[in-house]
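Okay, here's what each chain looks like letter by letter:
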Amino acid sequence: MKRRAFITLLGGAATWPLAARAQQPAMPVIGYLDAGSPSSNLGTAAFRRGLSETGYVEGRDVAIEYRWADGQYDRLSALAANLVRSQVTVIAACSTSAPGLAAKAATSAIPIVFQTDGDPVQDGLVTNMNRPDHNVTGVSRLSVTLAPKRLEFMRELLPRATVIGLLVNPTTPRSELVFRQMEESAGALGLRLRVLKASTKGELDSVFASLVQLGVGALLVAQEPSYLRWREQITALAARHAIPATYGQREYPAAGGLMSYDASVADSFRQVGVYVGRILRGEKPADLPVLLPTKFELVINLRTAKMLGLEVPTTLLARADEVIE
C-alpha cells in the first residue's frame, strides 16, 4: 500500500468513533416538577427505583431535571413553563395535584405523569380514570378523600373530644375543599371543627398555642408538602401542648406523632417512575389508566399515646398495620 493511501485510511478510521457517536440518539430528559422541596421529598428514590424497573437509570440512560416549588404554589406555573422550554421528553409532576395542573396548562404535547394525593377527576387532571386525557396520566393515593376516615379513627381513640382542630395551609389551592369536606364529616359525627392556618414554619408556634384557648381536644393535620418538611417541629409542638394529632404519612408517627392513615407514598412514586419509563419506551399516556391505591396503612405510635395518657382501644390496635412501641 502506498504511503498516501495508508495515511488516508488511518484518517478515515479515526473519524469512525466520531461518526458513531454522532449517530447515537440523544439521552431522553425527564422534567421532575414537585410542590415540595428536596429535604421534604420522600419519593425521588422510589421514583428512580420505578424507572430502573423499566430499564432506565439516571445518568446512564436518562437525565432528570428537577424543579422544586418549596411549598410556594404560585411558582409552579413558571417552573412548568421552564421545563417545557427545555424541551424535556416527559414530565413527572408530583406531591399534589397542583404540579400536574401547572404542567397540563403549560403543554398539551409533552407527556405528563402526575402523582397526587387528591381525586384526579375532581381536581381537573383527567376526565376519565380508565382512559385519561391524551397527554396526561398518573397515580393517586386518594389521601385527601381519607381525611374523614382519619377523623373516625380519632373519634374512636378520643370518644369524649367534642372540638377538633384542622391545620391547613391556606395557600394550598384546595384548602377550601378540604375544609368543606372535614366540616361535613365532623358535623355528621356531632363534632365541632376549628380551622387553624399556617403557611410558614414561623406561624406554627402561635397556631399550637391557640389550640388550648379554642378548647381543641384533638388535631388533624392536612396533607401538605411543607408540613411534611416541618414534621419534627409539628410533632414536637403537639407533644409539648399535649394535643393528640393524626396525620397522613407514616413519617409523622415515625417522628413522634400519634397516628397516621394513608396509602404508601413510596409505592405511588415508584409507580410514577414505572409509567414514565413505559412512556419513554413508546407507550401513550392515554393508554395507561390512572392508578389508585389498593392498600391503606394505619400506623399508631404507642409510645406517644402513653405519653399523652391515652389508652388505645384493642379494636383500633388490631386494625393497625404498624405499631411503634
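These numbers come from a predicted model, not from an experiment. (Residues numbered from 1 in each chain as written. Predicted model: local features only at pLDDT ≥ 70, side-chain atom pairs only at ≥ 80, totals over all residues. Heavy atoms only, no water.)

A. Local environment of the pattern of salt bridges. In total, this model carries 14 salt bridges according to the counting rule given. As a salt-bridge pair, Arg48 and Glu58 come within 3.8 Å of each other at their nearest N and O atoms. Of this pair, Arg48 sits in helix H2 (residues 44–53) while Glu58 sits in the loop between H2 and strand S2 (63–68); the two residues are 10 residues apart in sequence, bridging distant segments of the chain. The exposure class assigned to Arg48 is partly exposed, which follows from its relative accessible area of 31%. Arg270 is the partner of Glu53 in a salt bridge, and the nearest nitrogen-oxygen pair spans 3.1 Å. Of this pair, Glu53 sits in helix H2 while Arg270 sits in helix H11 (residues 265–280), placing them 217 residues apart in sequence. Overall, the relative accessible area of 22% leaves Arg270 in the partly exposed class. One network of salt bridges, in which partners are shared, links Glu53, Asp267 and Arg270. (Salt bridge = Lys/Arg side-chain N within 4 Å of Asp/Glu carboxyl O. Helix = DSSP H or I, 4+ residues; strand = E, 2+ residues; numbered from the N terminus. Buried < 20%, exposed > 50% of the residue type's maximum accessible area, 1.4 Å probe, protein only.)

B. Local environment of the confidence of the model for the protein. This prediction gives the protein a mean pLDDT of 89; 91% of its residues lie at or above 70. The least confident element of the protein is helix H1 (residues 3–23), whose mean pLDDT is 46; the most confident is helix H3 (residues 76–85), at 98. Every residue in residues 6–10 is under pLDDT 50, and counting partners more than four places away or in other chains gives 2 contacts. (pLDDT = per-residue confidence, 0-100. Contact = heavy atoms within 4.5 Å.)

C. Highlighting the sheet that holds strand S8 (residues 218–221). Within the open sheet, the 7 strands sit side by side as S7-S6-S8-S9-S10-S11-S12. Their pairing is mixed. Of all strands in the sheet, those with a lone pairing partner are strand S7 (192–197) and strand S12 (322–324), marking the two edges. For this sheet, the mean inter-axis angle between neighbouring strands, taken without regard to orientation, is 20°. By the bridge criterion, 5 bridges tie strand S10 (residues 259–263) to strand S11 (residues 296–301) in an arrangement that is antiparallel. Bridge pairing in S11 links Asp262 to Glu297. (Pairing = 2+ DSSP bridges. Axes fitted to C-alpha atoms, helices over the stretch in contact; angles between N-to-C directions.)

D. Local environment of the side chain of Arg150. Summarising the element assignment, Arg150 is placed in helix H5 (residues 147–157). Reaching out from Arg150, the side chain makes a polar contact with the backbone oxygen of Ser143 at a distance of 3.3 Å. (Polar contact = N/O pair within 3.5 Å; in protein donor to acceptor, adjacent residues only side chain to side chain.)

E. Region of interest: helix H6 (residues 175–188). Here H6 spans 20 Å end to end across 14 residues, near enough to the 20 Å set by a 1.5 Å rise per residue. Within the span of H6, buried status applies to Ser175, Val178, Met182, Ser185 and Ala186. Within H6, the buried residues cover an arc of 100° as seen down the axis, which keeps them to one side. Those residues of H6 that are exposed and angled more than 90 degrees off the buried face are Glu184 and Ala188. The elements touched by buried residues of H6 are H5, strand S6 (163–168), S7 and S8. (Expected span 1.5 Å × (residues − 1). Arc of directions from axis to C-beta.)

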